[in-house]
Amino acid sequence: MTRYEYAKQKYASFGIDTDAAIAKLHSVPVALHCWQGDDVRGFDQKSDGALTGGIQTTGNYPGRARTPEELMADIDKVLSLCPGLKKLNLHACYAIFDEESGGWVDRDKIEPKHFKKWVDFCKARGLGCDFNPTFFSHPMCDPLTLASPNEETRRFWIEHGKACIRISQYLAEELGQVCVMNIWTGDGFKDIPADRKGPRDRYRDSIDQILSEPFDFNKVKPCVESKVFGIGVEAYTVGSAEFSLCYAAANKDKCIPLMDNGHYHPTEVVSDKIPALLTFFPEIALHVTRPIRWDSDHVVLLDDETKEICKEIVRTGGLDGRVYIALDYFDASINRVSAWTVGFRNVQKALLMALLEPSEALGALQDANNWTELMVRAEEAKTLPFGDVWEEYCKVCGAPADGEWFSDVLEYEKNVMLKRG
Ligand code: RNT
Ligand code: ZN
C-alpha cells in the first residue's frame with residue numbers, strides 16, 4: 001500500500017473522499033499577484049519613483065525583475081513550482097509600452113493594446129487574468145486620487161478607472177474567464193480631518209462614474225477594497241470598511257466587496273466576515289495576505305487564520321464561484337520567487353486541508369449542541385495524514401512536492417536573478 005492509499009483509507013474512515021478533494025481544488029483558480037516580483041514598481045513610471053498610497057515594501061534582496069521579460073520569466077518559474085489552477089493578477093502600472101503598442105501614455109490613456117503581451121502570455125499558459133487600476137505611485141496623486149477636492153486630479157483618476165474597465169473587459173473576452181477588477185485607493189489623511197464626509201462623497205461619485213463605463217457584469221467583476229489605515233495615512237481612510245461594504249451593497253448589480261485580511265483591526269478576523277458577507281452578497285473577493293501588527297503584507301504562511309479563512313471559503317460553497325481568491329503580499333527582503341511560491345503553496349495547502357475537513361459531521365454536532373464531541377472530533381481531524389494527500393495533489397498537478405523545489409529556486413537565483421544588475 002502506498003502512503004497515499006493509506007491516507008485515503010484513513011480519511012475515508014472519517015467520511016472524507018480524498019480523490020474528490022484533490023479534483024475539486026484542481027478546478028478552482030487562485031490569482032497570483034504579479035507585484036511580488038518587482039516590489040510593486042510596475043513599468044510605467046521612472047524606476048526611482050517611490051511606492052506611495054500608504055503601502056510599503058521593505059528589504060533589498062537582489063534579483064528584482066526590472067522588465068516585462070524578467071517578470072514573466074519569474075512568474076513562469078513560480079507557476080512551475082506550484083500546484084493548482086492559477087490566474088494572473090495584474091496592476092495597470094504593468095502596462096507594456098513598446099514600439100508595437102505605440103510608446104508611453106499616461107494612466108488616463110491606457111488601452112487594451114498595452115496589455116496585449118500579457119494576454120499572449122496568459123493564452124500560452126491557459127491562464128485567466130484579474131486586473132487593478134493603479135491609484136498610487138504617480139505624480140497625479142495630490143496625494144488624494146478619486147477622493148481629491150481638485151477636480152482636475154479627480155477627473156484624471158476617473159478616466160484611469162474607466163480605461164481599466166475597458167481593459168478588464170478585454171482581458172475577460174480574450175481569455176474567456178472572469179476578470180476581477182479591484183478598486184483600491186490609499187486616499188486618506190495622516191492627521192485628524194476637519195471634513196470626513198466630503199472625501200467619501202467624492203469617492204462615491206468617482207466610483208459611480210467609473211462603473212458607468214459599459215461592461216458585462218458576468219465577465220468583469222469590479223470590486224471595492226476597504227482599508228483601515230496606511231503608513232502616512234494613519235488618522236483617516238476614505239475607503240473604510242463601512243464605506244466600501246455599503247458601496248458594494250448599494251450597487252450589487254455592478255460591484256462586489258473585496259476583503260484583504262491585512263486591512264482590519266488586529267483582533268478582527270476575515271474568516272468570520274466571509275460567511276457574514278455571503279449571507280447577503282452572491283459573490284465576494286479576497287486578498288489573502290499576512291499582516292503582522294499592521295498591513296505589512298508578509299508572505300502567507302500556513303497559519304491558523306489562513307487555515308480558518310480557507311475553511312470558511314470551503315464551508316460556504318465559496319469554491320463554487322462565490323469567492324474570488326487572490327494573493328496580495330510583497331516581501332523584498334527574501335528571494336522573491338521563493339516568497340511567491342511559499343505563499344501560493346500555502347494557500348493551496350490550506351484549501352486542501354479545508355476540503356479534507358469532515359465539515360458536515362462537525363456541523364451536525366454543532367446543531368445538536370454536542371460541543372463535547374465536536375471538540376474531540378475537530379481535534380482528532382487535525383492529525384490525519386494530510387502530508388500524504390498534499391504530496392498526491394502535487395503529483396496530480398505535475399508540481400514538485402515539498403522538499404523538491406527549493407533547490408530549483410537557488411539554481412534560478414544563481415543563474416538568472418543574481419545576474420541582473
Ligand atoms: C493595499 C491593498 C492593495 C495593494 C495592491 C498592490 O493596502 O492591499 O490591494 O496591495 O493593489
Ligand atoms: Zn489588498
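Here the structure is shown first, and the text comes after it.
Just so it is clear, the structure is predicted and the values come from calculations on it, not from any experiment.

What counts and what doesn't
For every chain, the first residue of its written sequence is number 1, and the numbers climb from 1 along that sequence. Chain A is the first chain written and ligand 1 is the first ligand written, with later ones labelled in order. In keeping with the predicted nature of the model, local features appear solely for residues at pLDDT of at least 70, side-chain atom pairs appear and are counted solely at 80 or more, and the whole-chain, interface and lining totals rest on all residues. Excluded from the side-chain calculations are hydrogens and water; all other atoms, namely the structure's heavy atoms, are used. Strands here mean DSSP runs of E at least two residues long; helices mean DSSP runs of H or I at least four residues long; both are numbered from the N terminus. For a compact globule the rule gives 2.2 Å times the number of residues to the power 0.38, and the radius of gyration it is set against comes from C-alpha atoms. For the exposure calls, accessible area comes from a 1.4 Å probe over protein chains only, and a residue counts as buried if that area is under 20% of its type's maximum, exposed if over 50%, partly exposed in between. Residue contacts are defined here by distance: any two heavy atoms, one from each residue, within 4.5 Å place the two residues in contact. As used throughout, the charge tally considers Lys and Arg to be positive and Asp and Glu to be negative, leaving His and the chain termini uncounted. Charged side chains are reduced to one point each, which is NZ for Lys, CZ for Arg, CG for Asp and CD for Glu. It suffices for a single heavy atom of a residue to lie within 4 Å of a molecule or strand for the residue to be listed as near it. Pairs of N or O atoms within 3.5 Å make up the polar contacts considered here, provided that, within protein, one atom can donate a hydrogen while the other can accept it, and that residues adjacent in sequence are counted only when both atoms are side-chain atoms. For the accessible areas, the method is Shrake-Rupley and the probe is 1.4 Å, while residue cover comes only from the protein chains on display. All amino acids are sorted into three groups, where Ala, Val, Leu, Ile, Met, Phe, Trp, Tyr, Cys and Pro are nonpolar, Asp, Glu, Lys and Arg are charged, and the leftover types, Gly among them, are polar. With axes taken as lines fitted to C-alpha atoms, and helix axes fitted only over the stretch in contact, angles between N-to-C directions fall between 0 and 180 degrees. Note on terminology: angles under 35 degrees are roughly parallel, angles over 145 are roughly antiparallel, angles of 65 to 115 are roughly perpendicular, and the others are oblique. Each helix crossing is assigned a hand: it is left-handed if the near helix lies turned anticlockwise from the far helix by less than a right angle, otherwise right-handed if that turn is clockwise. Distances up to 2.8 Å from the metal define which N, O and S atoms are donors, and 3.2 Å serves for Na, K and Ca; water is absent from the atom set, so sites may look incomplete. Sites are called tetrahedral only when four donors show all angles between 85 and 135 degrees, square planar or octahedral only when four or six donors show opposite pairs over 155 degrees and all other angles between 65 and 115, and irregular in any remaining case. DSSP bridges decide pairing: two strands pair if at least two such bridges lie between them.

Chemist: It is not clear to me how the overall build of the chain should be interpreted in this structure. Could you clarify?
Modeler: When helices and strands are tallied, the chain shows 14 helices and 12 strands. The globule rule puts the C-alpha radius of gyration for 421 residues at 22 Å, and the 22 Å found for the chain is close to it. Seen along its three principal axes, the alpha-carbon backbone of the chain occupies a region of about 65 × 55 × 40 Å. Put simply, the chain has 421 residues, and 55% of those count as buried. Counted over contacts in the chain with a minimum sequence separation of 6, partners at least 24 positions apart contribute 80%. Averaged over its 49 positive side-chain charges, the chain has a centre that lies 1 Å from the centre of its 65 negative ones.

Chemist: Any chance you could explain the site of ligand 1 here in plain terms?
Modeler: Every residue lining ligand 1 is accounted for by W35, I55, H91, W184, E225, K227, D260, H263, H287, D295, D328 and F330. Contact between ligand 1 and H287: an oxygen atom at 3.2 Å from a side-chain N or O atom of the residue. Relative to its unbound accessible area of 310 Å², ligand 1 is 100% covered by the protein chains. Considering only residue class, the shell around ligand 1 consists of 4 nonpolar, 3 polar and 5 charged.

Chemist: Would you mind showing me how to read the packing of helix α11 (residues 359–367) against helix α12 (residues 371–381) here?
Modeler: Helix packing geometry: the angle between the two helix axes and the distance between the axes. Axis separation between α11 and α12 bottoms out at 8 Å; the angle between their running directions is 160°. Classified by the angle their axes make, α11 and α12 are roughly antiparallel. In terms of crossing hand, the pair formed by α11 and α12 is left-handed. Contact with α11, carried on its side by L362, L365 and Q366, involves W371, E373, L374, R377 and A378 of α12 and no other residues of that element. Split by residue class, the contact of α11 with α12 holds 5 nonpolar, 1 polar and 2 charged.

Chemist: Teacher, can you tell me more about the coordination of the zinc ion (ligand 2) here?
Modeler: Ideal donor angles around a metal are set by the shape: a four-donor tetrahedron calls for 109.5 degrees, a six-donor octahedron for 90 or 180 degrees. Summarising the metal site, the zinc ion (ligand 2) is bound by the protein donors E225 (OE), D260 (OD), H287 (ND1) and D328 (OD), whose distances to it range over 2.1 to 2.2 Å. Coordination at the zinc ion (ligand 2) comes from 6 donor atoms whose angles at the metal span 71 to 171°, giving a geometry best classed as octahedral. Of the residues examined, D260 reaches a relative accessible area of 0% and is grouped as buried.

Chemist: Honestly, the pairing of strand β12 (residues 323–327) in this entry has me stumped. Any pointers?
Modeler: In summary, the side chains of a regular strand alternate between the two faces of the sheet. Among the 5 residues of β12, 5 are classified as buried, and the element is accordingly described as predominantly covered. Residues V323, I325 and L327 line one face of β12 and the alternating positions Y324 and A326 line the opposite face, and both faces are buried. One ladder, built from 2 bridges, connects strand β1 (residues 29–33) with β12; its direction is parallel. Looking at the pairing, A31 lines up with A326 of β12.

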